[in-house]
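Fold and contact review
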Amino acid sequence: MVGDARPSGVRVGGCRGAVESRTSFRAPRPPLPPLSFLFVLFLAAPCAWAAGYKTCPKVKPDMLNVHLVPHTHDDVGWLKTVDQYFYGIYNNIQQAGVQYILDSVISSLLADPTRRFIYVEIAFFSRWWHQQTNATQKIVRDLVRQGRLEFANGGWVMNDEATTHYGAIIDQMTLGLRFLEETFGSDGRPRVAWHIDPFGHSREQASLFAQMGFDGFFFGRLDYQDKKVRETALQMEQVWRASASLKPPTADLFTSVLPNMYSPPEGLCWDMLCADKPFVEDVRSPEYNAKELVHHFLKLATDQGKLYRTKHTVMTMGSDFQYENANMWFKNLDKLIQLVNAQQQANGSRVNVLYSTPTCYLWELNKAKLNWSVKKDDFFPYADGPHMFWTGYFSSRPALKRYERLSYNFLQVCNQLEALAGPAANVGPYGSGDSAPLNEAMAVLQHHDAVSGTSRQHVADDYARQLSEGWRPCQVLMSNALAHLSGLKEDFAFCRKLNISICPLTQTAERFQVIVYNPLGRKVDWMVRLPVSKHVYLVRDPGGKTVPSDVVTIPSSDSQELLFSALVPALGFSIYSVSQMPDQSPQKSWSRDLVIQNEYLRARFDPDTGLLMELENLEQNLLLPVRQAFYWYNASTGNNLSSQASGAYIFRPNRNKPLFVSRWAQTHLVKASLVQEVHQNFSAWCSQVIRLYPRQRHLELEWTVGPIPVGDGWGKEVISRFDTGLATGGLFYTDSNGREILERRRDYRPTWKLNQTEPVAGNYYPVNSRIYITDGNMQLTVLTDRSQGGSSLTDGSLELMVHRRLLKDDARGVGEPLNREGSGLWVRGRHLVLLDKKGTAAASHRLQAEMEVLAPQVVLAPGGGARYRLERAPRTQFSGLRRELPPSVRLLTLARWGRETLLLRLEHQFAVGEDSGRNLSSPVTLDLTNLFSAFTITHLRETTLAANQLLAYASRLQWTTDAGPTPHPSPSHLVSATITLHPMEIRTFLASVQWEEDG
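Being a predicted model, the structure only gives us computed values, none of them experimental. Throughout, a residue's number is its position along its own chain's written sequence, starting from 1. In view of the model being predicted, local features appear only for residues whose pLDDT reaches at least 70, and side-chain atom pairs are presented and counted only at 80 or more, with totals across whole chains, interfaces and linings using the full set of residues. Computation of side-chain values covers all heavy atoms of the structure but excludes hydrogens and water.

Re the sheet that holds strand 5 (residues 192-195)
For two strands to be treated as a pair, DSSP must find at least two bridges joining them. Numbering goes from the N terminus for both helices and strands, where a helix is a DSSP run of H or I of at least four residues and a strand is a run of E of at least two. Strand order in the open sheet formed by 5 strands is 5-6-8-7-12, with mixed pairing between adjacent strands. Because the sheet does not close on itself, it has two edges, and the strands there are strand 5 and strand 12 (374-375). Across 2 bridges, the pairing between strand 7 (residues 237-241) and strand 12 is parallel. Looking at the pairing, W240 lines up with K375 of strand 12. A contact between two residues is defined here by any heavy atoms of the two lying within 4.5 Å. Fitted lines through C-alpha atoms serve as axes, helices being fitted only where they are in contact, and the angles separating the N-to-C directions of these axes extend from 0 to 180 degrees. Across the sheet, helix 6 (residues 203-211) lies against strand 5, strand 6 (216-219), strand 7 and strand 8 (252-257), angled at about 115° from strand 8, the strand it touches most.

Quick look at the domain arrangement of the chain
For the chain, the assigned domains are domain 1 (53-154 + 190-382), domain 2 (598-854) and domain 3 (881-998). The gap between the C-alpha centroids of domain 1 and domain 2 is 40 Å. Taken together, the contact pairs 21 residues of domain 1 with 23 residues of domain 2. When two parts are brought into contact, each loses some accessible area as probed by a 1.4 Å sphere; the total of that loss over both is the buried area. Taken over both partners, the interface formed by domain 1 and domain 2 buries close to 1700 Å², and the fraction arising from carbon and sulfur atoms is 52%. The largest share of the area that domain 1 buries against domain 2 comes from E204, Q225 and P381, three residues that together contribute 32% of it. Definition used for salt bridges: Asp or Glu carboxyl oxygen within 4 Å of a side-chain nitrogen of Lys or Arg. Viewed at the interface, domain 2 and domain 1 are joined by 3 salt bridges. Across the pair R739 and E204 runs a salt bridge, and its minimum N-O distance is 3.3 Å. Polar contact is the term for a pair of N or O atoms within 3.5 Å; when the atoms are in protein, one must be able to donate a hydrogen and the other to accept it, and sequence-neighboring residues count only if both atoms are side-chain atoms. Seen at the junction of domain 1 and domain 2, the total is 10 residue pairs in polar contact (both at pLDDT 80 or more). Contributing elements (two or more residues each) for the side of domain 1 that touches domain 2: helix 6 and helix 7 (224-233). In terms of residue count, the dominant contributor to the side of domain 1 that touches domain 2 is helix 7 (5 residues). Domain ranges listed in this record stem from an automatic or a database domain assignment.

With respect to a positive patch on the surface
Patch rule: a residue counts if its relative accessible area is over 30% and it has no salt bridge; like charges are joined within 9 Å, and nonpolar side chains (Val, Leu, Ile, Met, Phe, Trp, Tyr) within 5 Å. Surface exposure here means Shrake-Rupley accessible area, sampled with a 1.4 Å probe, where a residue is shielded only by the protein chains that are shown. When charges are tallied, Lys and Arg are placed among the positive residues and Asp and Glu among the negative ones, while His and the ends of the chain are skipped. By convention, the point assigned to a charge is CZ for Arg, NZ for Lys, CD for Glu and CG for Asp. A contiguous patch of positive charge, built from R627, R655, K657 and R663, is present on the exposed surface. Relative to the elements of secondary structure, R627 occurs in strand 27 (residues 622-634).

Here we look at the nonpolar core
Take the buried Ala, Val, Leu, Ile, Met, Phe, Trp, Tyr and Cys residues and link them wherever side-chain atoms come within 4.5 Å; each set so joined is a nonpolar core. Under the scheme applied here, a residue whose accessible area is under 20% of the maximum for its type counts as buried, over 50% as exposed, and between as partly exposed, the area being computed with a 1.4 Å probe on protein chains only. Core analysis: the biggest nonpolar cluster contains 250 residues, and F125, F297, F512 and V514 have the highest contact counts within it. When residues in this core are grouped by element, the largest group, 12 residues, is from helix 13 (residues 457-486). For V514, the contacting residues outside a window of four places in its chain are V528, L530, F564, S574, I575, Y576, V578, V858, V859 and L860. One finds Y224, F682, W703 and A761 within the second-largest nonpolar core, a separate group that totals 28 residues.

Side note on the pairing of strand 33 (residues 716-724)
The side chains of a regular strand alternate between the sheet's two faces. Judged by how many residues are buried, strand 33 sits mostly within the fold: 8 of 9 residues are covered. Pairing geometry for strand 33 and strand 40 (residues 797-805), over 8 bridges, is antiparallel. Bridge assignment links S720 to a residue of strand 40, and that residue is L800.

Topic: unusual backbone geometry
In this model, P248 is joined to P249 through a cis peptide bond whose omega is 5°. Along the polypeptide, P249 turns up in the loop between strand 7 and strand 8. G706 connects to P707 through a cis peptide bond whose omega is -15°. Here the phi dihedral of Y90 falls at roughly 55°; this positive angle occurs in a residue that is not glycine. Summarising the element assignment, Y90 is placed in the loop between helix 1 (82-87) and helix 2 (98-111). The class for Y90 is partly exposed, based on a relative accessible area of 47%. Phi at N919 is positive, roughly 55°, even though this residue is not glycine. With respect to the helices, strands and loops of the structure, N919 is situated in the loop between strand 46 (901-908) and strand 47 (924-927).

Some thoughts on the confidence of the model for the chain
Low-pLDDT stretches of the model should not have their predicted coordinates read in fine detail. As a per-residue quantity, pLDDT reports the predictor's confidence and falls between 0 and 100. Of all residues in the chain, 93% have pLDDT values of 70 or greater, and the mean over the chain is 93. Counting contacts from residues 1-8, a segment whose pLDDT is below 50, to residues more than four positions away or on other chains yields 13 contacts. Within the model, the stretch residues 20-50 combines pLDDT values under 50 with 69 contacts to residues more than four positions away or in other chains.

Here we look at the pattern of salt bridges
Counting across every chain of the model gives 45 salt bridges. Of the charged contacts, one joins R602 and E616 as a salt bridge, the two residues approaching to 2.7 Å between their closest N and O atoms. Of this pair, R602 sits in strand 25 (residues 601-605) while E616 sits in strand 26 (residues 612-617); the two residues are 14 residues apart in sequence, bridging distant segments of the chain. Summarising the burial analysis for this pair, R602 and E616 share the class buried. The salt bridge partner of R830 is E700, with a shortest N-O separation of 3.4 Å. Remark: E700 occurs in strand 32 (residues 699-705) and R830 occurs in strand 41 (residues 827-837); sequence separation between them is 130 residues.

Digging into the state of the cysteines
For this text, the term disulfide refers to a pair of cysteine sulfurs within 2.5 Å. By the definition in use, this model includes 4 disulfides. Disulfide pairing is shown between C269 and C274; the S-S distance is 1.9 Å. What makes C269 buried here is its relative accessible area of 9%. The exposure class of C274 is partly exposed, given its relative accessible area of 22%. Note on cysteine connectivity: C414 is disulfide-linked to C474, with sulfurs 2.2 Å apart.

Let's talk about the pairing of strand 2 (residues 64-70)
Burial within strand 2 is extensive, with 7 of its 7 residues counted as buried. Side chains of strand 2 alternate between two faces, with L64, V66, L68 and P70 and N65, H67 and V69 buried alike. Pairing analysis gives 5 bridges linking strand 2 to strand 10 (residues 351-355), with the strands arranged parallel. Its bridge partner being in strand 10, L64 is matched across the sheet by V351. Both strand 2 and strand 9 (residues 312-317) contribute to a ladder of 6 bridges, which runs parallel. When the sheet's bridge partners are listed, V66 is paired in strand 9 with T313.

A short note on the side chain of E614
Its place among the elements puts E614 in strand 26. Looking at E614, the relative accessible area reads 18%, which means it is buried. The contact partners of E614, leaving out residues within four places of it in the chain, are R602, A603, R604, L623, L624, P625 and V626.

Regarding the sheet that holds strand 17 (residues 524-532)
Within a sheet, adjacent strands bond to each other through the backbone by hydrogen bonds, running parallel or antiparallel. An order of 17-21-20 is seen for the 3 strands of this open sheet, with the pairing classed as antiparallel. Of all the strands in the sheet, just strand 17 and strand 20 (549-554) have a single pairing partner and so form its edges. The average angle at which neighbouring strand axes cross in this sheet is 30°, direction not considered. The pairing of strand 17 with strand 21 (residues 559-568) spans 9 bridges and is antiparallel. Its bridge partner lying in strand 21, P531 is registered against E561.

Considering the side chain of N332
Of note, N332 is situated in helix 9 (residues 326-346). In terms of polar contacts, N332 uses its side chain to reach the backbone carbonyl oxygen of M328, at 2.8 Å. Those residues within four positions of N332 in sequence are excluded, and the remaining contacts are W270, P278 and F279.

Details of the environment of Q416
Checked against the element boundaries, Q416 lands in helix 11 (residues 398-421). Here Q416 falls in the buried class, since its relative accessible area comes to 3%. Non-local contacts of Q416, meaning those with residues more than four positions away in its chain, are made with Y517, P519, L571, L891 and L894. Separated by 2.7 Å, the side chains of Q416 and Y517 make a polar contact. Polar contacts involving the side chain of Q416 include one to the main-chain carbonyl oxygen of P519, which spans 3.1 Å.

Here's the deal with the packing of helix 3 (residues 122-129) against helix 5 (residues 166-184)
A pair of packed helices can be characterised by two numbers: the angle between their axes and the separation between those axes. Orientation of helix 3 relative to helix 5, taken along the N-to-C sense of each, is 35°, at an axis distance of 10 Å. The two elements helix 3 and helix 5 meet at a crossing, and its hand is left-handed. In this structure, helix 3 contributes I122, F125, S126 and W129 to the contact, and helix 5 contributes G176, F179, L180, T183 and F184. Polar here means any residue other than Ala, Val, Leu, Ile, Met, Phe, Trp, Tyr, Cys and Pro, which are nonpolar, and Asp, Glu, Lys and Arg, which are charged; Gly is therefore polar. Residue classes in the contact of helix 3 with helix 5 are distributed as 6 nonpolar, 3 polar and no charged. For a crossing to be left-handed, the near helix must be turned anticlockwise from the far one by less than a right angle; the clockwise case is right-handed.

Written out as structure tokens, the structure reads:
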């Protein structure tokens, strides 16, 4: 329907052009101190049209055009914390002050209208922006409108691509691009993605960028072998076909590898941090070097131009935290341009130099109308030399990686409750609730030195601090929302230490309430585990009926945990009441037979070693001998082949065969009605619980590792390995940022003949959510609860790195070994093991992985709270959906966007060919009319993935590939609230809503 909104219907569409700027429903930021320098005379640039391709400088078609791109690369935390970098504190660690960089750049841009500059990290820019006066902001807006200051990428950070989950990538990009859209309109919208420093590049990242509307993608780091091949074959630029499910060109993205990573060419760095000589033009000076520098530049440009296919080449003129004294850079670049271009007349030079941007360079490539080769795999793993594989960071700082994943889960719950409760979530009986601090903290954690685990220790601690501080206002928000939706004002408690069985309320109270919120679009059956005292407990469901429960004793600590199964409706909560039974103690239930089993699975353990030895899928009649054990690689500190050591970035074992932590485990079997567990103790620093719950189709392995001993002087990299007899032919499979699956082949790269120098590290790949092996009949899948490195180094084997502690730095800039002290030494995590027939395995691992990343949230209360409203009866169960979503559809995002606007993303979470006999790869049609119970959608506008452009008016540059013609679909217009999702498709909407008065 199109037209005026009516209470009973949904209006779709929207005005032409960009998504309009929105006034935030949150309180405005307090004013901050103004810029502390005086601007020089503002010079208006000629042809000051709307920013984008129209403002690009003129080139000379008959010459080699060298596009100089002034830029700074500002890590959002690395050697210093985010605040230390912004304010320029502790310059004895690293000379870097982002506020001064931006001050200086703006001043230098104003001095000459031909100068240009690009900026990337919106986490820094937005902070600087809010400190400026209105006059300064107007000047900056003019620079952006004229294309002289251009934003590239536009995310809150330049995110890592190996250890990030796609949902968190989308969130952080949305945050940064929203700031640009609201601040500068379409003038500030980036046309290119710019990932110059991440350590390898994922296919899913390229797909997401394409769906966000980017025209091109530039990156700096490329495997040294791959780069040599590409330079020879003139394939430094090509079209990346980044999805096997989405129809081209939906996920196609023109991709360019920068020639010098992201640094200036040798001898041409004119920053205060560099030692290269500036231009000396005075021929009378003994330091005169202008002619020599011009000659040097012309040779560099000519040589570089031979590696690319067009009459255009790009030079990155900047690097880490450069341009704090921007005048040094621009003064020398001005001279370079003037002197080099003067050679055209003096000596007939065919080189033309100009200030440019990645956008303008891309525009010239597109106008060349060439056919481009197509890439379909990814750029992992990355090595910058023999024996130098950047595969260690896939697993570095596992505790921070888990905290980030937990925080993503918590943020989605916070966002959903804010959307369901409406304004009542932000201001209520518990104070002012806000999702913004956690949203920003999570965005910061996606930075390529944050969740990657490649920062210094005090910076990693600061990342954790930001997450922790972000949780608090979300807890207030969730308390307000739960009170509003349930009708009861309880003293809500959030036990953050349940993973180590600590929760004061449940361990001391005689009675309490358990509120379980389910963020999925389908009902769940969730096993609740809570630490309690030595009693028997009575558990009642939302209707007051008694439900089965167990109290089990933990053998390692003699503490107790209460177990009961909670049935929770889609996008809603159930409230269970728990009370102690008088004068009763839980019965210990030990057993000697090392077998655990439910109606779907049976796991057998070797009675002599205590190790898992067999897994059986009773439902599908599959039996697989499998041994799981823990091993460790002795970390290299360098040898006669290479001085390269294992470190935060680099994984390099000193031998290819790992060592057992222990060949046997001391075991304890616990069997109760609601759980069967085998407790394995391998050593003083390594243990595991393998468990099965009723109705569970996977085997849960909860491992605890640490503190890893290093008293012997050996750094250790600990793995969990599964060995089977499956004939896997050198193949294994890993996910790409939690979405599509990529085939991996041992000692092989799809696009060049690999010279394998590290048989272990060179076969490691990022595992964001799952890894599996198959013989074509059976498939063994392991799901992870955080990002880890993984591989299959021999047929039938599968391994994941769970922890690493190293004694030497790997010489990649951190200057600190990965050897933290304190709580991060102990790490606990979970692997979920699934055994299926290959044809039906996708249904199991897709749906279980969804539940892992969007797990139910447990909130506790003592009970007996007052009514939220006297006129409204309390409710113990609630669903935000009037009807469940089908299994192939995930509610990816439901969040507040404005006072009466929500951001809604729905995705098809199955790929082409993953039907599993249930049509799960078929298109799905949904009617959004009256889908939600807490609000009514009155107006619906479809946008690009990052919600910064209306989809109906979004367009991208078109590229021709040597794979044949690509159909270019006409613009999509939303004509009703009934939508169809195709495999792996994500659709994004801004929904105007009216909340129901009773919540």
